[in-house]
Amino acid sequence: MMTPLANCPRATLAAVEGVLTDIDETVSTEGRLTADAYGALEALKKAGFLVIPVTGRPAGWCDHIARFWPVDAVVGENGAFWMWHDAKTGGKLRSRYVQTDAERADGRRRLEAIRAQVLREVPSAGIASDQPYRAADLAVDFREDVAPLGEAEITRIVAIFEAHGAHAKVSSIHVNGWFGDYDKLTTSKLMMRELFGVDLDTHRQHYVFAGDSPNDSPMFGYFPNAVGMANVGDFTGRLEHQPRWVTAARSGAGFVELSRVLIEARR
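Predicted model only: the values in this text are computed from it and were never measured.

S.K.: Whenever I open this one, empty space enclosed by the protein confuses me. Can you help?
M.R.: A water-sized probe rolled over the atoms picks out the places where empty space is left. This structure, assessed with the given rule, holds two cavities of 30 Å³ or more. For the largest cavity, the calculated volume is near 70 Å³. What lines the largest cavity is a set of 15 residues, among which Asp24, Gly56, Ser171, Asn176 and Asn215 lie closest to the centre. Along the lines of polarity and charge, the residues of the lining of the largest cavity split into one nonpolar, eight polar and six charged. One number sums up the size of the second largest cavity: a volume of about 30 Å³. Leu5, Cys8, Thr12, Leu13, Val208, Asn225, Val227, Trp245, Leu258 and Leu262 are the residues that line the second largest cavity. Broken down by class, the residue content of the lining of the second largest cavity amounts to eight nonpolar, two polar and no charged.

S.K.: Can you walk me through the packing of helix H4 (residues 101-121) against helix H5 (residues 151-163) in this structure?
M.R.: The geometry of a pair of packed helices is captured by two quantities: the angle between their axes and the separation between those axes. Contact geometry for H4 and H5: axes closest at 10 Å, N-to-C directions at 150 degrees. For the element pair H4 / H5, the angle class is roughly antiparallel. Helix-helix and strand crossings are classified by hand; for H4 and H5 the assignment is right-handed. For the pair H4 and H5, contact is made by Leu111, Ile114, Gln117, Val118 and Glu121 and by Arg156, Ile157, Ile160 and Phe161, respectively.

S.K.: How should I be thinking about the layout of surface pockets in this particular structure?
M.R.: One number sums up the size of the largest pocket: a volume of about 490 Å³. Residue lining of the largest pocket: 23 residues in total, with Glu25, Arg143, Ser172, Ile173 and Phe235 positioned closest to the centre. Residue composition of the lining of the largest pocket, by class: six nonpolar, five polar and 12 charged. In this structure, the second largest pocket occupies an estimated 250 Å³ of space. For the lining of the second largest pocket, the elements supplying multiple residues, two or more each, are H5, strand E9 (167-170) and helix H8 (217-222). With four residues, the single largest contributor to the lining of the second largest pocket is H5. Taken together, the residues of the lining of the second largest pocket sort by class into six nonpolar, three polar and four charged.

Cut-off values and rules
Here, residues in each chain are numbered from 1, in the same order as that chain's written sequence. The predicted origin of the model limits local features to residues at a pLDDT of at least 70 and limits the giving and counting of side-chain atom pairs to 80 or more, whereas totals for whole chains, interfaces and linings rest on all residues. Based on all heavy atoms of the structure, the side-chain values leave hydrogens and waters out of the count. Within this scheme a cavity is a closed region of a 1 Å grid, computed over the protein atoms alone, that accommodates a 1.4 Å probe without allowing it to escape, whereas a pocket is open but has protein on both sides within 12 Å along at least five of seven lines; lining residues each have an atom within 4 Å of a point. Grid points are joined across faces, edges and corners, and a volume is the space filled by probe spheres set on the points. Gly is put with the polar residues, along with every residue not named as nonpolar or charged; the nonpolar set is Ala, Val, Leu, Ile, Met, Phe, Trp, Tyr, Cys and Pro, and the charged set is Asp, Glu, Lys and Arg. An axis is simply a line fitted to the C-alpha atoms; with a helix, the fit covers only the stretch in contact. Between two such axes, the angle follows the N-to-C directions and lies from 0 to 180 degrees. For the purposes of this entry, the term helix denotes a DSSP run of H or I that reaches at least four residues, the term strand denotes a run of E that reaches at least two, and both are numbered from the N terminus. Roughly parallel here means an angle under 35 degrees, roughly antiparallel means over 145, roughly perpendicular means 65 to 115, and every remaining angle is called oblique. Less than a right angle of anticlockwise turn of the near helix away from the far helix marks a crossing as left-handed, whereas a clockwise turn marks it as right-handed. Contacts between residues were defined by any pair of non-hydrogen atoms, one from each residue, lying within 4.5 Å.

Put into structure tokens, the structure is as follows:
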């Protein structure tokens, strides 16, 4: 059962050292990044929190996010990689992929058959407009740049991915599918260990994950103080794991709410 974030004990909030966060409809609002939400990222960073977006968005977007946003790193394509500025190389952008180049190339080849079948069997769906910037997955659009699809159509898209042996996750706007045994959680744990020397299995209570949709469910189940934006309620029946806490506001306004209580608790 989700509990209002306003009821979270101050001591719990004060113990938080970092924020891992989804982007779409968690930091963004109706597909746009507001000044307030971007300012919340910067305020968290200035207050000394580790700030790491964990998103289904593509490598091309993550290159920009890692370079220009006030973040410490970014995990992209539902765990295919992470990007960060490497202090050891004078702040140059670095990328760490979970799979080898050959594995990713094989996955992309196999995804082409899925692309064709999805468009044939669910013609109202579309391939995400950010697909050209992806390195490892296929994103099927069900409401970003196409008319919103129904539950049955989304379920059919997931079934097509899974029939081919691919993983499939539903976000607030896309169904993302890929070949490879990774997801947002496994890669976040690997990234935290390799990049920051943090074993999340023993320190997870010191980190918050913020999210809003079914592809965030593994993160909700893992982090004892995961926070859902109010719009996570739109997916209640489709979440294997729910966040412990929920904001009063939706989307980016909810993320601003979260950042304020964390910063205030640290003071």
